[in-house]
Amino acid sequence: MQTHVSLNFLASSPTAASPSHAPWLGKKVPEYGTAIVSLDDPLLAQMNNAKSMGIKKWGMEVLHDPWYTKGTAFTAAERDRLGLRGLLPPRVVPFEKQVERIMNEYEEGFPEQRKHESPEIITKSGVTPEMIRKFDVLQALQNRNETLFYRVLLDNFKQMIPIIYTPTVGWACQHYAELFRRPRGMYFSAEDRGEMAAMCANWPAEEVDAIVVTDGSRILGLGDLGVSGMGISVGKLNCYVVAAGFHPHRVLPVCLDVGTNNEKFLKDPMYLGLQHKRLEGEDYLNIVDEFLAAVTARWPGVLVQFEDFSHRNALSLLERYRRHRLVFNDDVQGTAATVLAGVYGALAVQHRPASDITKLRFCCAGAGSAGTGVITLIHRAMVKHGLSEEDAWHNFWVCDVGGLITRARAPEPGVVRLGFARPEEELEGLALDEAVRRARPSVLLGLSGIGQLFTAELMRHVAESASAAGFRPLIFPLSNPTSNSETTPQQAQEATGGQAIVATGSPFPDVEFEGRPCKSNQGNNVYIFPGLALGAVLSKTPIVTDSMIFAASEALAAMIPQEALERGQCFPDLEDPRAISARVALAVIVQAAAEGLAQGPVLDALDSGKDALMGHIARSMYYPEYVHFYKLP
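Keep in mind it's a predicted model, so treat the numbers as computed, not measured. (Residues numbered from 1 in each chain as written. Predicted model: local features only at pLDDT ≥ 70, side-chain atom pairs only at ≥ 80, totals over all residues. Heavy atoms only, no water.)

**Brief notes about the side chain of Glu-307**
The line we're drawing: For helices the rule is a DSSP run of H or I covering at least 4 residues; for strands it is a run of E covering at least 2, with both sets numbered from the N terminus onward. Burial here depends on accessible area, computed with a 1.4 Å probe over protein chains only, as a share of the maximum for the residue type. Under 20% is buried, over 50% is exposed, and the range in between is partly exposed.
Take Glu-307: it is sitting in the loop between strand S8 (303–306) and helix H16 (311–321). Judged by its relative accessible area of 2%, Glu-307 is buried.

This is the structure in structure tokens:
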């Protein structure tokens, strides 16, 4: 059966053409099975005036062919007939709107637009016109030569991570529709219910090792970006390839489009997703259930990383699937492992043992999915080092938008009350600054998403409390992107007299205080999630356990060389991300084996010792280099 698509084959009239301008004369037209032999050939007129035309290409071949592709303008019927369903954002964009978008960029591109913004706005966001220019260069390179793209990233990872990941990826998500060039990954929407298993066949890869999926409901600290959140899935998997050696053809970025509550996108004619309010409750869960069933049936053993889901959905989905599917949530578990490693590293900077974590008191601004995950894992570390469950919980004071959380507060529907709720019910709702005065913490964690939340006075109180307990203050403003950081390293050092050990979520340059250099650490999840995923995939574990997360964190903390500790580093250097990921993966595999969950070749390697296992991990990594090709018959 012949498939038809809307396509004007020729723009010019055959009578206006001449042989010198018609190199296709005498050549076979594959779609019609014959050749055009003259300018008067009836076939030429048929092709020129056709509103539809049969083609033999399928799926990605259509999208990547500049002659046939219409991008987001393919209709729903065409997407079904040509194997394109799920390979494009759900919304069909008219041809005229595509032209309008190109003309907007033609008149003034993003780097130029950025130059017109105030220096204050640019500084606050952390994304400069030069960073946008570099993002465009790398995106264009990825579109035309992925091998070269990944080699450039691997050789320059520390320099380029702020461009392909936070903070620039946040900006890219905000402008996803305008930046959309070449589709990457798969889109499963609320309109695809009952069809997701069939849609998976449209993805050309027979084997997929890892999926990063988002529903776009909480992209970094930028809120609900809907289908535009696909940019974070793409960015994360670029890190999988570069930092952990996953093969780029065996990873799959995914966006679940269940609508958006972003009023701007609901009215924006250029928005690429479904323009209705987000589905909730059972309707939402049914879509996630169907998605997971579809991808795990198509690719058994695939690891699924949940990314940037809203607080309530992040925690509930993790609990729903973690005990019977190979899933983890980077915002909850990856952030927690990274921050715990940073705390261990900060203790090492002070020549303190890891067990001294039991002597630290924490005040945390933010009780969302990231904050909850961080607090829970640090609590577990305290218990490991000797405290009882109850005594460990007494070391936490947690505030959210409603102030201090105590047992007087009723938990959200569907959310289990955690032990960090303070027993002093009369203090319910206490403001952050007053909570700091009462708690006298030595560590201040920022996971609130509120820029400049930490005042100088607040940080001075933490410095005084830490000093009284014999510690340097730990100031960790971890919210992303840069504009949402609770403070800056410079402000933290000025407020604490240059004593703070600072770790931020987004990158900041090192600073000076009274002529003395002060290290600005970045608590980047890229230290954890690529290696964690690699260890889980290689070990063939059916689930990711809390003990594996904990093992990954401890492995990261153990990598900081002494000379780096002397400089105030509480994380290892990112110059060689694969060395970090390999050691994290090794720790995960060893833990999986200890729990009886590891399977396959890793067990044989482990039987020969950890050096043999490390060699097995290194050999499993994809390395971007050219290979010699030859034509198959």
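Following the structure, the description resumes.
**Let's talk about the state of the cysteines**
Here is the rule: Sulfur atoms of two cysteines make up a disulfide when they are within 2.5 Å.
Evaluated as defined, the whole model comprises zero disulfides. With no disulfide of its own, Cys-399 lies closest to Cys-363 among cysteine sulfurs, the gap being 5.0 Å. On the basis of relative accessible area, Cys-399 is assigned to the buried category, the value being 3%.

**Focus: helix H28 (residues 610–620)**
Stated formally: Arc definition: directions from the helix axis to the C-beta atoms. We call two residues in contact whenever any of their non-hydrogen atoms come within 4.5 Å of each other.
Where H28 is concerned, the buried positions are Leu-613, His-616 and Ile-617. Seen end-on, H28 carries its buried residues on one side only, within an arc spanning 100°. What points out from H28, more than 90 degrees from its buried face, is the exposed set Asp-611 and Arg-619. Among the structural elements, helix H23 (529–539), helix H26 (577–594) and helix H27 (601–607) are those in contact with the buried residues of H28.

**Observations regarding the pairing of strand S5 (residues 186–189)**
Let me state the cut-off plainly: What makes two strands pair is DSSP finding at least two bridges between them.
Because side chains alternate across S5, one face comprises the buried residues Met-186 and Phe-188, and the other comprises Tyr-187 and Ser-189, equally buried. The pairing of S5 with strand S7 (residues 251–257) spans four bridges and is classified as parallel. Directly across from Tyr-187, in S7, lies its bridge partner Cys-255.

**Here's the deal with the pattern of salt bridges**
The cut-off we apply is this: Put simply, a salt bridge is a Lys or Arg side-chain nitrogen that is within 4 Å of an Asp or Glu carboxyl oxygen.
Across all of its chains, the model carries 36 salt bridges by this definition. Linking Arg-298 and Glu-206 is a salt bridge whose minimum nitrogen-to-oxygen distance equals 3.8 Å. Note that Arg-298 is positioned in helix H15 (residues 281–298) and Glu-206 in the loop between helix H12 (196–200) and strand S6 (210–214), a separation of 92 residues in sequence. Of the charged contacts, one joins Glu-428 and Arg-409 as a salt bridge, the two residues approaching to 2.8 Å between their closest N and O atoms. Within this pair, whereas Glu-428 is found in the loop between strand S12 (403–404) and helix H20 (432–439), its partner Arg-409 is found in the loop between S12 and H20, the two being separated by 19 residues in sequence. Residue class for Arg-409 comes out partly exposed when judged on its relative accessible area of 22%. Counted as one network, the salt bridges with shared partners bring together Asp-433, Glu-434, Arg-437, Arg-438 and Glu-457.

**Comments concerning the packing of aromatic side chains**
The way to describe two aromatic rings as a pair is by their centre distance and the angle between their planes. Rules: Stacked, edge-to-face and tilted are the three classes for Phe, Tyr and Trp ring pairs, Trp counted by its six-membered ring, which pair at centre distances within 6.5 Å; planes under 30 degrees apart are stacked, over 60 edge-to-face, the rest tilted. Think of it as a cone above the ring: NZ of Lys or CZ of Arg counts as a charge over the ring if it is within 6 Å of the ring centre and within 35 degrees of the ring normal.
Per the counting criterion, the structure on display carries 14 aromatic pairs. Seen in terms of ring centroids, Phe-135 and Trp-171 are 6.1 Å apart; in terms of plane orientation they differ by 80°. Their pairing is edge-to-face. Pair noted here: Phe-135 is in helix H7 (residues 129–144) and Trp-171 is in helix H10 (residues 168–174), with a separation of 36 residues, a long-range link. In terms of burial, Phe-135 and Trp-171 fall into one category: buried. Summarising the aromatic geometry, the rings of Phe-306 and Phe-309 are spaced 5.4 Å apart at their centres and angled 90° between planes, so their arrangement reads as edge-to-face. On the basis of relative accessible area, Phe-309 is assigned to the buried category, the value being 0%. Put simply, the rings of Tyr-165, Tyr-240, Phe-246 and Phe-529 touch in pairs and so form one group of aromatic residues. Lying across the ring of Phe-471, Arg-352 places its NZ or CZ 4.1 Å from the centre. The residue whose ring lies beneath Arg-380 is Phe-550, and the NZ or CZ to ring-centre distance is 5.4 Å.

**Here we look at the sheet that holds S6**
Sheet strands associate in pairs through backbone hydrogen bonding, adopting either a parallel or an antiparallel arrangement. Our working rule: Helix axes use the C-alpha atoms of the stretch in contact, all axes being lines fitted to C-alpha atoms, and the angles between their N-to-C directions lie in the range 0 to 180 degrees.
Pairing within the open sheet is parallel, and its five strands lie in the order S5-S7-S6-S8-S9. Taken across any chain shown, the strands that pair with only one partner, and hence form the sheet edges, are S5 and strand S9 (327–329). Put simply, the sheet's adjacent strands are angled 25° from each other on average, direction ignored. Inspection of the sheet shows S8 paired to S9 by three bridges, in the parallel sense. Pairing of Gln-305 across the sheet is with Phe-328, part of S9. Against the sheet, helix H17 (residues 330–349) contacts S8 and S9, and its axis sits at roughly 70° relative to S9. Along the sheet, H23 contacts S8 and S9; its crossing angle with S8, the most-contacted strand, is approximately 155°.

**Side note on the confidence of the model for the protein chain**
Caution is warranted with low-pLDDT regions, since their predicted coordinates should not be read in detail. Stated precisely, the cut-off is as follows: Confidence of the predictor at the level of single residues is captured by pLDDT, which takes values from 0 to 100.
Mean pLDDT over the protein chain stands at 90; residues scoring 70 or higher make up 89%. Counting contacts from residues 1–21, a segment whose pLDDT is below 50, to residues more than four positions away or on other chains yields 46 contacts.

**A closer look at a nonpolar patch on the surface**
Stated formally: Patch criteria: residues need more than 30% relative accessible area and no salt bridge. Like-charged residues are merged within 9 Å; nonpolar side chains of Val, Leu, Ile, Met, Phe, Trp and Tyr are merged within 5 Å. In these tables, accessible area is a Shrake-Rupley quantity obtained with a 1.4 Å probe, and a residue counts as shielded only by the protein chains included in the view.
A cluster of nonpolar residues, Phe-95, Val-99, Met-103 and Tyr-106, forms a patch on the protein surface that exposes about 470 Å² of accessible area. The residue Tyr-106 is located in helix H4 (residues 95–107) in this model. Judged by relative accessible area, which is 66%, Tyr-106 ranks as exposed.

**Regarding the pairing of strand S15 (residues 501–504)**
Our working definition: Here is how to tell: hold the view so the strands point away, follow the path from the first strand over the helix to the second, and if it runs clockwise the crossover is right-handed.
Across the two faces of S15 the burial is the same, with Ile-501 and Ala-503 and Val-502 and Thr-504 all buried. Sheet topology places strand S14 (residues 474–477) next to S15; two bridges connect them, and they run parallel. When the sheet's bridge partners are listed, Leu-474 is paired in S15 with Ile-501. Between S14 and its parallel partner S15, the chain crosses via helix H22 (residues 489–495), and the hand of that crossover is right-handed. Relative to strand S18 (residues 520–522), S15 runs parallel, the two being bridged by three bridges. Paired with Val-502 across the strands is Ser-520, a residue of S18.

**Topic: the environment of Ala-297**
Take Ala-297: it is sitting in helix H15. Owing to a relative accessible area of 61%, Ala-297 belongs among the exposed residues under this scheme. Distance from Ala-297 to Ala-197, taken between C-alpha atoms, is 7.8 Å for residues 100 residues apart in sequence.

**A few points about the packing of H17 against helix H24 (residues 546–557)**
Where we set the bar: By definition, any crossing whose near helix is turned counterclockwise from its far helix by less than a right angle is left-handed, and any crossing with a clockwise turn is right-handed. Classification convention: Asp, Glu, Lys, Arg as charged; Ala, Val, Leu, Ile, Met, Phe, Trp, Tyr, Cys, Pro as nonpolar; all other residues, Gly among them, as polar.
The contact between H17 and H24 brings their axes to 8 Å, and the two run at 40°. As for the relative orientation of H17 and H24, their crossing is right-handed in sense. Taken together, the residues of H24 that come into contact with H17 (itself represented by Gln-333, Ala-337, Leu-340, Ala-341 and Tyr-344) are Asp-546, Ile-549, Phe-550, Ser-553, Glu-554, Leu-556 and Ala-557. Each residue belonging to the contact of H17 with H24 can be placed in one class, and the counts come to eight nonpolar, two polar and two charged.

**As for the sheet that holds S14**
Taken in spatial order, the seven strands of this open sheet run S12-S11-S10-S13-S14-S15-S18, and their pairing is mixed. In this open sheet, the two edge strands, each paired with only one partner strand, are S12 and S18. Its contacts with the sheet put helix H18 (residues 369–384) on strand S10 (362–365), strand S11 (396–400) and strand S13 (443–446), and the angle it makes with S11 is roughly 180°. Running over the sheet, helix H21 (residues 456–468) touches S13 and S14 and is turned about 140° from S13.

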